[in-house]
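What the coordinates show
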Amino acid sequence: MESEKTNKNSPIINYLEQFKRSPYNFLNKPMVQDINYDKLIDQLIQFEGKKLDKQGNHIIYKDGHGIDTIGYGLTSKQYITKGKINETEARQGMKMHIDKEVLPHLKNKAYWGNLSENQKIALTSYVYNIGSGAFNTKSPSLQKALSESNWNEAAKQMDFGYTDTKNPGLKTRRDKEQRLFLQDYDKINQLPTFKDYLK
């Protein structure tokens, strides 16, 4: 009985329990298993262009490639033919596009479950911008880094359009996505080490 009590109070047991309660355990499995849409959309609308009329409705504008766009990066005829949409429709349209065109190409990857919430949001933002086709076929180095849980390299490879002088906003977007992707990784490095529990 005495040895059992001692084991329960040992530094290594306390250390392991601390990590079990943290979002960053040894198996690298995040406590948050899916994506927070409100947080994701709030992140995305920082980057996506928009044009509003005097009543605050979203109206059609040309994106950086001259494509008719409305709301937050919506190019579907479903929205373009309307000519204008309100803020709720713009956010709902973004969510529908994410559900249909983005997340299916991410959730089927083995590494998706290893990502923290912020990493999922950063990666979803990246794929929303470059398109799932480019992500699946033109990003082998990024795919490899994600599969190997090499977060620093993965962030580095999230660089599409980084040097595009015609669209300098992409550099700003990539910088923010990369920082968000590594935010939780930096927190892991700041967690107490086992030596801290021996003091």
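Above this text sits the structure in question.
Here's a quick rundown of the structure. (Residues numbered from 1 in each chain as written. Predicted model: local features only at pLDDT ≥ 70, side-chain atom pairs only at ≥ 80, totals over all residues. Heavy atoms only, no water.)

The tally for this structure, following the rule as stated, stands at one aromatic pair. Just above the ring of Tyr 37 sits the side chain of Lys 95; from NZ or CZ to the centre is 4.3 Å. (Phe/Tyr/Trp six-rings, centres within 6.5 Å; stacked < 30°, edge-to-face > 60°. Lys NZ or Arg CZ within 6 Å of the ring centre and 35° of its normal.)

Before going further, it helps to examine the pattern of salt bridges. Using the criterion set out here, one finds 10 salt bridges in the structure. The salt bridge involving Arg 91 is made with Asp 42; its shortest N-O contact spans 3.1 Å. On the criterion of sequence distance, the pair formed by Arg 91 in helix H5 (residues 87-102) and Asp 42 in helix H3 (residues 37-44) is long-range, its members being 49 residues apart. Note on Arg 91: relative accessible area 22%, which makes it partly exposed. Look at Asp 42 and you get partly exposed, because its relative accessible area is 39%. Residues Arg 173 and Glu 177 are paired through a salt bridge, measuring 3.0 Å at the closest nitrogen-oxygen approach. Of this pair, Arg 173 and Glu 177 both sit in helix H11 (residues 169-190), four residues apart, which is roughly one turn of the helix. Owing to a relative accessible area of 3%, Arg 173 belongs among the buried residues under this scheme. A single salt-bridge network, built from bridges that share partners, covers Glu 48, Arg 173, Arg 174 and Glu 177. (Salt bridge = Lys/Arg side-chain N within 4 Å of Asp/Glu carboxyl O. Helix = DSSP H or I, 4+ residues; strand = E, 2+ residues; numbered from the N terminus. Buried < 20%, exposed > 50% of the residue type's maximum accessible area, 1.4 Å probe, protein only.)

Moving on to the environment of Phe 160. Turning to its location among the elements, Phe 160 is positioned in the loop between helix H10 (151-157) and H11. Among the residues examined, Phe 160 registers a relative accessible area of 46% and is labelled partly exposed. As for Phe 160 and Ala 134, which are separated by 26 residues in sequence, their C-alpha atoms are 9.6 Å apart. Look past the residues within four positions of Phe 160 in its chain and what remains in contact with it is Tyr 126, Ile 130 and Arg 174. (Contact = heavy atoms within 4.5 Å.)

A few words now on the environment of Gly 71. Position of Gly 71 among the secondary structure elements: in the loop between strand E3 (68-69) and helix H4 (77-80). Taking relative accessible area as the criterion, Gly 71 reaches 0% and is therefore assigned buried. Expressed as a C-alpha distance, the spacing of Gly 71 and Lys 51, which sit 20 residues apart in the sequence, is 7.5 Å. Here Gly 71 is in contact with Gly 49, Lys 50, His 58, Tyr 61, Ile 85 and Ala 90, once residues within four sequence places are set aside.

Within an α-helix, residues lying three or four positions from one another point in the same direction, as the helix has 3.6 residues per turn. When the terminal C-alpha atoms of helix H7 (residues 117-130) are compared, their 20 Å separation across 14 residues agrees well with the 20 Å that a helix rising 1.5 Å per residue should span. Burial runs high along H7: 13 of the 14 residues are buried. Of the residues flanking the end of H7, it is Gly 131, one or two places downstream, whose phi is positive at about 95 degrees. (Expected span 1.5 Å × (residues − 1).)

As a further point, take helix H9 (residues 140-147). Those residues of H9 that fall on the buried side of the exposure criterion are Leu 142, Gln 143, Ala 145 and Leu 146. Angularly, the buried residues of H9 cover 165 degrees about the axis, an arc narrow enough to put them on a single face. Of the exposed residues in H9, the ones pointing more than 90 degrees away from its buried face are Pro 140 and Ser 147. One or two steps after H9, the chain reaches Ser 149, where phi turns positive at roughly 55 degrees. (Arc of directions from axis to C-beta.)

This next bit is on the nonpolar core. One finds Ile 98, Leu 106, Leu 115, Phe 135, Leu 146 and Phe 181 to be the most contacted residues of the largest nonpolar core, which totals 38 residues. Sorting the residues of this core by element identifies H3, H4, H5, H7, helix H8 (132-137), H9, H10 and H11 as the ones contributing at least two each. With seven residues, the single largest contributor to this core is H7. (Core = buried A, V, L, I, M, F, W, Y, C linked by side-chain atoms within 4.5 Å.)

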